[in-house]
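Residue-level listing of the chains:
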Amino acid sequence: MSQIQFNKAANVAGSYDVVVCGGGPAGFVAAIAAARSGALTALVEQYGFLGGMATAGIVAPLSVFTYNGKKVIGGIPWEFCERLQEMGGGLIEQPLGNVAFEPELYKLCCQRMVLEAGVDLYMHSYLCGCQTEKGRIDAIFIDNKNGTEALKAKVFIDCTGDADLAWFAGVPMQPGEGRPLQPLSTYFVLSGVDTSTPRMQQAMHHNRQGVNCHCEEIREELLKHREEWGVPEFGGPWFCTTLQPGVVTVNMTRTAADATDNRDYTRAECELREQAFRMAGVLKEHFEEFRNSYVSAVAVQAGIRETRRIVGAHTISAEEYVNAFRYPDSVSRGAHPIDIHVAHGASQNITFLKSPAYVPYRALYAPGFCNLLTAGRCISADKTAFASLRVQASCMGTGQAAGVAAALAAEAGSTVDGIDINALQARLRELGAVLDD
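Residues numbered from 1 in each chain as written. Predicted model: local features only at pLDDT ≥ 70, side-chain atom pairs only at ≥ 80, totals over all residues. Heavy atoms only, no water.

The next subject is the overall build of the protein. Check the secondary structure of the protein and you find twelve helices and 19 strands. For the protein, the C-alpha atoms occupy an extent of roughly 60 × 55 × 40 Å along the three principal directions. Taking all 437 residues of the protein together, the buried fraction comes to 61%. Considering only contacts in the protein between residues 6 or more positions apart, those separated by 24 or more positions represent 73%. For the protein, the accessible area works out to roughly 17100 Å², and carbon and sulfur atoms hold 49% of it. (Helix = DSSP H or I, 4+ residues; strand = E, 2+ residues; numbered from the N terminus. Buried < 20%, exposed > 50% of the residue type's maximum accessible area, 1.4 Å probe, protein only. Contact = heavy atoms within 4.5 Å. Areas by Shrake-Rupley, 256 points an atom, 1.4 Å probe, with all protein chains shown as cover.)

In structure tokens form, the structure reads like this:
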């Protein structure tokens, strides 16, 4: 491949204590946590709204906040859920504390909480690189309508989902264990659905612990008539209420792809959009509840289950995760099933946890990178543990931990691996994080 060399000058748009890259579930919570902990904080987001997979991907519901009758993820994430419900944009379903939501009000609630915390927002800004020296990030570079700009900070948090900042900085990534990656899925929204039937009432409310909440009846029919009806590769299907009458989100499209490869990702997006309309047509033609339905929205981007993960100071193993091993530096929890979707075909490998698992602080940073933390999908975990931790409630929990840790490091002038763990855990408990059984 031929190359063209070019140089660009970047104006420094701001200098901060903490800069968070990515405004999804991990990122907006991390920014709030850092700002509430006294850090001058900025948040960079590629879209003109926050929420990431929840809003750009319409990935619903948020799960799992409660397990075995006890809160698992608390603090700022749970405050967000309660505020969203108060706005009429969220439905907290028990006993799992799964949260169905209306995407537009989710965006608004995120925005309000971030701005109330005093965070500077850089929306419509795409992370395009960083400047590093001996493992320390001095500045990140973002592209937007102002051109290429730089943001400086004492501590940076990578909440991009795909570990983009860590990758730019040269952080080692987990090996490609068990490739291919879990498939991408593009959610779509159907309006005009008869949501009053017992089948739909059960399918669109995710409130049963130990149960995979896909619609088994519809799944069986789709598999039975796959060739006859021209059903493409699919998963689930999973339906979720948006709190609007006759409207449900649909999770059933899937294709194998690497979302960190532009060409493969582009191909997958096009394929998945075709699948969304094909699936909507199949549901409309063959299932009574969908007779009058129509596609009212397709996700801005495909839902990404798996891409890059850092090699951290500690990698969470399957054995540790399944056995709920409690680390001395535990900073968050996880209770979603270990949920591995196969890259090809309609199957899914799912294992329900006996007890909520723990996340150590050491999984949030890589040795030798003194002012970089990660949260969300790019933390250090093996493929099995990651298959549970990748979901949004868990991402919010690690975002909260990373935000507080970054603020402590910035205040103390410390490296991220040099902060006082007891102080970090104490501050997280003050916020309402659940670190104990």
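Our next topic: the side chain of Arg 377. Its location among the elements puts Arg 377 in the loop between strand 19 (372-374) and helix 10 (383-389). Classification of Arg 377 as buried rests on a relative accessible area of 9%. For Arg 377, the side chain forms a polar contact with the side chain of Asp 162, separated by 3.1 Å. Among the polar contacts made by the side chain of Arg 377, one reaches the side chain of Thr 307 at a distance of 3.3 Å. (Polar contact = N/O pair within 3.5 Å; in protein donor to acceptor, adjacent residues only side chain to side chain.)

Attention shifts here to the nonpolar core. Within the largest apolar cluster, 82 residues are counted, with the highest numbers of intra-cluster contacts made by Phe 28, Leu 62, Phe 80, Tyr 106, Ile 316, Tyr 361 and Leu 373. For this core, the element with the highest residue contribution is helix 11 (residues 392-412), accounting for eleven residues. The residues touching Tyr 106, leaving out its near neighbours within four places in the chain, are Pro 25, Phe 28, Gly 51, Ala 54, Thr 55, Leu 62, Phe 80, Leu 84, Phe 101, Gln 392 and Met 396. Counting 24 residues, the second-largest nonpolar core is a separate cluster that includes Tyr 122, Leu 151, Ala 166 and Ala 169. (Core = buried A, V, L, I, M, F, W, Y, C linked by side-chain atoms within 4.5 Å.)

This paragraph deals with the sheet that holds strand 14 (residues 294-298). The sheet built from four strands is open, its strands ordered 12-13-11-14 with antiparallel pairing. A strand with exactly one partner marks an edge of an open sheet, and here the two such strands are strand 12 (234-241) and strand 14. Averaged over neighbouring strand pairs, the angle between their axes works out to 30 degrees when direction is ignored. With five bridges connecting them, strand 12 and strand 13 (residues 248-253) associate as antiparallel partners. The residue of strand 13 that forms the bridge with Thr 241 is Val 248. Of the strands in this sheet, strand 12 and strand 13 touch helix 6 (residues 216-224), which is tilted by about 150 degrees from strand 12. (Pairing = 2+ DSSP bridges. Axes fitted to C-alpha atoms, helices over the stretch in contact; angles between N-to-C directions.)

A word on the packing of aromatic side chains. If you walk through the whole model with that rule in mind, you get twelve aromatic pairs. For the pair Phe 28 and Tyr 106, a centre-to-centre distance of 6.4 Å together with 80 degrees between the ring planes defines the contact as edge-to-face. One end of the pair, Phe 28, is in helix 1 (residues 25-36); the other, Tyr 106, is in helix 3 (residues 103-116), with 78 residues separating them in the sequence. Here Phe 28 and Tyr 106 have matching classes, each one buried. An angle of 55 degrees between the planes, with centres 5.5 Å apart, marks the rings of Phe 65 and Trp 78 as tilted. Of this pair, Phe 65 sits in the loop between strand 2 (41-44) and strand 3 (66-67) while Trp 78 sits in helix 2 (residues 76-86), and the two are 13 residues apart along the sequence. The same class applies to Phe 65 and to Trp 78, which are both buried. Members of the aromatic cluster, joined through ring pairs, are Phe 28, Phe 80, Phe 101 and Tyr 106. In this structure, Arg 308 packs its charged tip against the face of Trp 167, placed 4.4 Å from the ring centre. Lying across the ring of Phe 386, Arg 309 places its NZ or CZ 4.7 Å from the centre. (Phe/Tyr/Trp six-rings, centres within 6.5 Å; stacked < 30°, edge-to-face > 60°. Lys NZ or Arg CZ within 6 Å of the ring centre and 35° of its normal.)

What follows is about the environment of Gly 90. Residue position: Gly 90 is located in strand 5 (residues 90-93). Assessed through its relative accessible area of 6%, Gly 90 is described here as buried. Put simply, Gly 90 and Ala 100 are ten residues apart on the chain and 5.6 Å apart in space, counted from C-alpha to C-alpha. Excluding its chain neighbours within four sequence positions, the residues that come into contact with Gly 90 are Leu 84, Gln 85, Val 99, Ala 100, Phe 101 and Leu 243.

Let us now look at the environment of Asp 417. Along the polypeptide, Asp 417 turns up in the loop between helix 11 and helix 12 (421-431). Judged by relative accessible area, Asp 417 falls into the partly exposed class, the value being 49%. Sequence-wise, Asp 417 and Gly 246 are 171 residues apart; in three dimensions their C-alpha atoms are separated by 50 Å.

Let's shift gears to helix 3. Compared with an ideal rise of 1.5 Å per residue, which puts 14 residues at 20 Å, helix 3 spans 20 Å between its outermost C-alpha atoms and is within 8% of the ideal. Among all positions of helix 3, only Pro 103, Tyr 106, Lys 107, Cys 109, Cys 110, Met 113 and Val 114 are buried. One face of helix 3 carries all of its buried residues, which in axial projection span an arc of 165 degrees. Those residues of helix 3 that are buried lie in contact with helix 1, strand 2, helix 2, strand 6 (98-101), strand 7 (120-122) and helix 11. Structurally, the start of helix 3 carries an N-cap: the backbone nitrogen of Glu 104 is 3.1 Å from a side-chain oxygen of Glu 102. (Expected span 1.5 Å × (residues − 1). Arc of directions from axis to C-beta.)

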